[in-house]
Structures are given as structure tokens and as C-alpha cells.
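Letter by letter, the chains look like this.
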Amino acid sequence: MKEKLEMLMNEYQSNLFVIAFNICKNAEDAKDVVQDTFIDFYTSKRQFNDDEHIKAWLIRATINKSKNVTKTFWRRNKLSIEDYMETLPFETNDDTDLFEAVLNLPEKYRIVIHLFYYEDLSVRQIANILKISESNVKVRLSRGRQILKDVLKEDWEYEE
Amino acid sequence: MKNKEKYKKVFNVLATSEQLHLEVDMITNKKSKTNRMKYVAAVVAICVILVGAGTGVYAAMTHFGIVDFRNRFASSVPEEAKQQIQTDIEMNQDENDTIFEMTLLESLCDSETITLVYEVSAKETGKYLFVPEDAFPEDDMCNWSDIENISAKDYAAQNNLTIVNIGGGIENREELEIVDASMDFRSVKDDVMDVYVRCNVENSTNMMEVDAVATGIILGNQDVMRLVSHFELQDLSTTEKTLYTNIVEADSNAFYRIEKVEVIQTDLGTYVDIYYINNEEDDDMSLSFHVMDDEGNIIEMAGGRASNLEGNHYKERQIFDKTEFGDSISLEAYDWDEKNIYGTIKILR
């Protein structure tokens, strides 16, 4: 089990951190979420069909834990997102603008946008992970894209 | 560049700029993780002796109790509950080879929560600087002590101390069905740390067996030292539950519907459980409720959480400092993500 855990941590911890950050908007909270997610994985007695099933579970657990953090009253004294962004070595101002535009999306659009654009998940896979219908995923994807297009203008291509 | 490529390029910067340092042993040894409370609303008045000019050894004159910690979050403990704080608690401790000892200073519980303060002190004094479990060497000491404008790393170097991250919590979380927990830390001396743990419990009984654990990790070493103390905790609080089911004001066309509201009053605080149906699938979990007083003012909550019970049925628990409700309770439905207000609901007992 330890070997399996190590393999999963090596493979997914960075991606799970980015998912958690997208929701928590705070690096320390996101790190706690990823650690908690792996602890839950290790201590749970769930049976998984295959690695895809495990990946979907890890993403789902990370999203749920991150949402809990955002709804928790006692959050960390955190570095403001603006200050934190200054520490990230973006190559261009366009990169910074895109990062900021994504983080400013309403959470329900932000999660779907991230799973689609960063995790390369299909609409069906996203629907399974979020436990919502495929049509709802499409609606959120469309609304999220439209907001990004409105904010980023020519830096974001029109997509249907 | 396509949108997807642009997106990945930007978020890869985030992925590669943060080192998570997660180790398998940390995960397999820890088994439970609590969030640290850092919400500082008031500074606890303590007496500090500083020997020398900023380079001396730190020592507060006192220990910190549940009331002191709660004051830091601007959250009061009612007089009835103060009388129920248990001290001189008998405990059994596992044999250990840790560098520290653990003493349970205070405990308090009601039917919904367990609160503990324990003290972790070095067996050999003058060698260690105890810092909270999630503190970095670069963090300012003012986060857990009254020393300001110096990092833990610099302070430890000036005083020839080794940094140890102190943490812990409650070990038997599954048996007690602990759903979430918060922690806070206050330094009593360089090598004495008082730790506050507050847990929300789903499976409480009048007499609970609790295993509190203190952990320590010496900086630069991944080995976790663990010390477990077993003790019994008695619920001395009274619990009174009031059900509100008769909805007299609500938008009948709304996409949500309140099923019932249960108010649980204990000597320690007030817990409001809102059971509702959310028919708007697209709304996901962003629907929430403000609890309001008779004048329509929002009552500030001290904590809370939401959970999906089954299908489109949800439960939202809100925790308040002791608050009295009359024959009715008013809620304001809103979207915590997009901040839209949906409407108000009034419910009678």
C-alpha cells in the first residue's frame, strides 16, 4: 500500500495542489488539502476499479475538501492573492492576466474550466467527478469561457 | 497558441513554483490532520519576561486556558460553561521516547464539540524552540508568541536552539465521528507550547474515551515523534433541541425549499442545523443561509459546514456563540459564491 501511495503522490500531488489552489486561492490551505486527501486515501477502505477511478476519486476529494476550507470560518492569516501572484514567475503580463481572470471566475465555473483545460477531462468525466449532469457541465463551461473572453478579449479565442 | 496551451502554461507556473514536500511516512504516520486556527481577533494579555534586547529566552508567566484561546477569536465562553471546564484530568500515557512530555490542562465538551488544551514541554530544557506544526522557519514568532519582528529561524540561531514543529489532535477520530477540527498554539516558553484543539463530534456520549496525541518533528528530520494520552471526558452540559418546521413566509417558486431547522442549545453555544432541498442542479453547493434576528440583522456565526445528505437534500450546520431564539427563526437564502440574495424564509416552531 505504501508503494502505491508513493506512486500516486508522485504522479498527482502537483495537479491536486493546483486544483486545490484554484478553489482555496491560498497555497498553504491547498497544501493542507492535498495532504488530507492522501491521508483519507490511505486510511479509507474503499475499493477502486483502476487507476482512472483512483484519479477521479482524488480529484473529487480534493475539490470537496477545498470547498470545505472556503466555507470554514477560521481560515489562515493568508498572504493576499495579489501578493502571492507577485511571487509567481509568469513570463508575460498576458499570463498574469489569464491567471487572475481564472481566479476571479465564480467557483462553479472555475472548477469546470480548470478540469477541462488543465486536466484534459471530457465533459462526461467532469460530470462524473462533480456529480452533476453533462448538460450542466456544458453550461458552466460555456459561461466560464464567455467571462474569460469578456475579460481577456483577443487573448482568449472564441470557442463554442 | 490555443486556449488550452495558454492555460496549461500559466498554471504550470503554479505547479512548479510550490514544493509540496509530502513524504509517504508523513501521510502514513499522521492519519489525521487538523486545520490550524489563525483567526486572531484579540491579543491575550500575558506577562512576558525578555532577558536582554531581543535575543533573550522567552517565557510567559502563565499557561493558556480554553477561555484565553477563545478570546483570541473574539468568541466568548458562557459562565455556565466556564464552570464545566475540567482540570486535573487523570490520564494514562503510552511509554515513549519522545523529547517532550504532554500534560492535559483543560477540557470542555457538550453534545456537539470537544475542546482541549494540552501542554507540550521539553524533557530537557534550553535546547529546543517549539513552533506550531504548520509554521515555517521563516514565519515571524509573533504568530504564536509575544515576540515580534524576528523569524523562528533567526531566533533559534541567536539562542542556539533546535526548531521542533509541535502538533497533534485527537487520535480516535473515527470512533467519535469527528467531522472537523481546529487548532491554535500559544508559546509559554521557548520549549513549552500550549495547544488548543476544538472538534465537532457526531457521535458523542455522556462519557467519552478520548485519545489525545501530541506530535513533534525536529526541523530537517521527517520522523514524527508521537505521544498519546488516554482519558475520559464527561459531558456536563445540558442540551435542549427545538425544531422549527412550520414555514410561514417563503417564495413558493424558489428553487430551494427548507425542510426543517433544528436549534441545539447547550451551555457552551448554539448550533443551528438547516435541512433543505436544492432543486437547482447548476447551483451545486453555493446556496447558503444567513440566520437573522427579529430585526432582520444577520447573526454572525462562529463556524459552520455544509454536507450533502442524499440526492438534492442538504444539511448546513451553523455554530454561534450562545444565542436565544424565540418562537420563530428567519433565514436569508443567498449564493456565497456569487453573493446573490434569493429571499427570506420565516419558520415557526
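In this text, all values refer to a predicted model and were calculated from it rather than measured experimentally.

Chemist: Any details on the overall build of chain B? Residues and values, ideally.
Modeler: The number of helices and strands found in chain B is six helices and 21 strands. Taken over 349 residues, chain B has a buried fraction of 56%. In chain B, once contacts between residues fewer than 6 apart in sequence are set aside, the share between residues at least 24 apart is 64%. Put simply, chain B shows about 15600 Å² of open surface, and 44% of that area lies on carbon and sulfur atoms.

Chemist: Any chance you could break down the packing of aromatic side chains for me, citing the residues and the numbers?
Modeler: Per the counting criterion, the structure on display carries 22 aromatic pairs over all chains. Between B:Phe255 and B:Tyr342, the aromatic rings sit 4.9 Å apart at their centres with planes inclined by 90°, giving edge-to-face as the arrangement. Of this pair, B:Phe255 sits in the loop between β14 (246-249) and β15 (256-266) while B:Tyr342 sits in strand β21 (residues 341-348); the two residues are 87 residues apart in sequence, bridging distant segments of the chain. Each member of the aromatic cluster is reached from another via a ring pair, and the members are A:Phe17, A:Phe21, A:Tyr84, A:Phe90, A:Phe99, A:Phe116, A:Tyr117, A:Tyr118, A:Trp156, B:Tyr7 and B:Phe11. One cation-aromatic arrangement involves B:Lys260 over B:Tyr275; the distance from NZ or CZ to the ring centre is 4.6 Å.

Chemist: Please set out the sheet that holds strand β20 (residues 328-335) of chain B residue by residue, giving values where relevant.
Modeler: Residue and element names in this part refer to chain B. Read from one edge of the open sheet, four strands run β14-β21-β20-β17, paired in antiparallel fashion. Looking along the sheet, the strands with just one partner apiece sit at the ends: β14 and β17 (287-292). Averaged over neighbouring strand pairs, the angle between their axes works out to 35° when direction is ignored. When β14 meets β21, the two strands line up antiparallel, connected through three bridges. Its bridge partner being in β21, Asn246 is matched across the sheet by Leu348.

Chemist: So what's going on with the packing of helix α1 (residues 2-24) of chain A against helix α1 (residues 3-17) of chain B? Which residues, and what values?
Modeler: Contact geometry of α1(A) with α1(B) gives a least axis separation of 9 Å together with a crossing angle of 100°. Relative to α1(B), the element α1(A) is oriented roughly perpendicular. Across from A:Ser14, A:Phe17, A:Val18, A:Phe21 and A:Asn22 in α1(A), the residues of α1(B) making contact are B:Tyr7, B:Phe11, B:Leu14 and B:Ala15. Across the contact of α1(A) with α1(B), the residue classes break down as seven nonpolar, two polar and no charged.

Chemist: Residues and numbers for the environment of B:Val272, please.
Modeler: Residue and element names in this part refer to chain B. Relative to the helices and strands, Val272 resides in strand β16 (residues 270-278). As for Val272 and Phe320, which are separated by 48 residues in sequence, their C-alpha atoms are 8.0 Å apart. Not counting chain neighbours up to four residues away, the residues in contact with Val272 comprise Val261, Glu262, Val263, Val291, Glu316, Arg317, Gln318, Phe320, Phe325 and Ile329.

Chemist: Explain the environment of B:Thr16 residue by residue, including any values.
Modeler: Residues and elements named next belong to chain B. Assignment of secondary structure puts Thr16 in helix α1. In this structure the side chain of Thr16 is engaged in a polar contact, spanning 2.8 Å, whose partner is the backbone oxygen of Asn12. Within polar-contact distance, the side chain of Thr16 engages the backbone oxygen of Val13 at 3.4 Å.

Chemist: Would you mind going over the packing of helix α5 (residues 93-103) of chain A against helix α8 (residues 134-152) of chain A in detail, with residue names and values included?
Modeler: All names here are of chain A. At a minimum axis separation of 10 Å, α5 and α8 run at an interaxial angle of 140°. Taken together, the axis directions place α5 and α8 in an arrangement best described as oblique. As α5 runs across α8, the sense of the crossing is right-handed. Where α5 approaches α8, its residues Asp97, Leu98, Ala101 and Val102 are matched on the opposing element by Leu148, Val151 and Leu152. Partitioning the contact of α5 with α8 into residue classes produces six nonpolar, no polar and one charged.

Chemist: Give me the confidence of the model for chain B: which residues, what numbers.
Modeler: All names here are of chain B. Residue-level pLDDT values for chain B average 82, and 85% of them are 70 or greater. In the predicted structure, residues 31-56 sits below a pLDDT of 50 and forms 74 contacts with residues beyond four places in sequence or in another chain. Interface predicted TM-score (ipTM) for the complex: 0.91; the corresponding pTM is 0.64.

Chemist: Could you give me a rundown of the sheet that holds β16(B), with the residues and numbers involved?
Modeler: Residue and element names in this part refer to chain B. Read across the sheet, five strands follow the order β13-β15-β16-β19-β18 without closing on themselves; strand pairing throughout is antiparallel. Among the strands making up the open sheet, the edge pair consists of β13 (239-244) and β18 (303-310). Averaged over all pairs of adjacent strands, the angle between their axes in this sheet comes to 20°, without regard to strand direction. Sheet topology places β13 next to β15; six bridges connect them, and they run antiparallel. Bridge pairing links Glu240 to Gln265 in β15.

Chemist: Describe helix α2 (residues 27-43) of chain A, with residues and values.
Modeler: All names here are of chain A. With 17 residues, α2 should reach 24 Å at 1.5 Å per residue; the first-to-last C-alpha distance of 24 Å fits that figure. Across the 17 residues of α2, 13 count as buried, placing the element largely inside the fold. Measuring from the backbone nitrogen of Glu28 back to the side-chain oxygen at the start of α2 gives 3.2 Å, which picks out Asn26 as the cap.

Chemist: An account of the confidence of the model for chain A is requested, with residue identities and associated values reported.
Modeler: All names here are of chain A. Here chain A averages 85 in pLDDT, and 91% of its residues register 70 or above. Of all the helices and strands in chain A, helix α4 (residues 81-87) carries the lowest mean pLDDT, 83, while α5 carries the highest, 94. This model gives residues 73-77 a pLDDT under 50, and the stretch forms 25 contacts once residues within four places in sequence are excluded.

Chemist: Give a detailed account of the pattern of salt bridges, specifying residues and quantitative values.
Modeler: All told, the structure shown has 20 salt bridges over all chains when counted by the stated rule. One salt bridge connects A:Asp40 with A:Lys65, and the closest N-O pair in it is separated by 2.7 Å. With A:Asp40 in helix α2 and A:Lys65 in helix α3 (residues 51-71), this pair connects stretches of sequence that are 25 residues apart. Owing to a relative accessible area of 30%, A:Asp40 belongs among the partly exposed residues under this scheme. One salt bridge connects B:Glu112 with B:Arg317, and the closest N-O pair in it is separated by 2.8 Å. A residue pair is termed long-range when its members are at least 10 positions apart, and B:Glu112 in the loop between β5 (100-109) and β6 (113-122) and B:Arg317 in strand β19 (residues 313-320) qualify at 205 residues. Judged by relative accessible area, which is 5%, B:Arg317 ranks as buried. Beyond isolated ion pairs, a larger network of salt bridges with shared partners links B:Glu112, B:Asp273, B:Lys315 and B:Arg317.

Chemist: Provide a residue-level description of the pairing of β15(B), including the pertinent values.
Modeler: Residue and element names in this part refer to chain B. Among the eleven residues of β15, eight are classified as buried, and the element is accordingly described as predominantly covered. Two elements, β15 and β16, share nine bridges in a ladder whose sense is antiparallel. Of the residues in β16, the one forming a bridge with Val263 is Val272. The loop that links β15 with its antiparallel partner β16 comprises three residues.

Rules of the game
Residues numbered from 1 in each chain as written. Chains lettered and ligands numbered in written order. Predicted model: local features only at pLDDT ≥ 70, side-chain atom pairs only at ≥ 80, totals over all residues. Heavy atoms only, no water. Helix = DSSP H or I, 4+ residues; strand = E, 2+ residues; numbered from the N terminus. Buried < 20%, exposed > 50% of the residue type's maximum accessible area, 1.4 Å probe, protein only. Contact = heavy atoms within 4.5 Å. Areas by Shrake-Rupley, 256 points an atom, 1.4 Å probe, with all protein chains shown as cover. Phe/Tyr/Trp six-rings, centres within 6.5 Å; stacked < 30°, edge-to-face > 60°. Lys NZ or Arg CZ within 6 Å of the ring centre and 35° of its normal. Pairing = 2+ DSSP bridges. Axes fitted to C-alpha atoms, helices over the stretch in contact; angles between N-to-C directions. Parallel < 35°, antiparallel > 145°, perpendicular 65-115°, else oblique. Nonpolar A, V, L, I, M, F, W, Y, C, P; charged D, E, K, R; others polar. Polar contact = N/O pair within 3.5 Å; in protein donor to acceptor, adjacent residues only side chain to side chain. Left-handed = near helix turned anticlockwise from the far one by under 90°. pLDDT = per-residue confidence, 0-100. Expected span 1.5 Å × (residues − 1). Salt bridge = Lys/Arg side-chain N within 4 Å of Asp/Glu carboxyl O.

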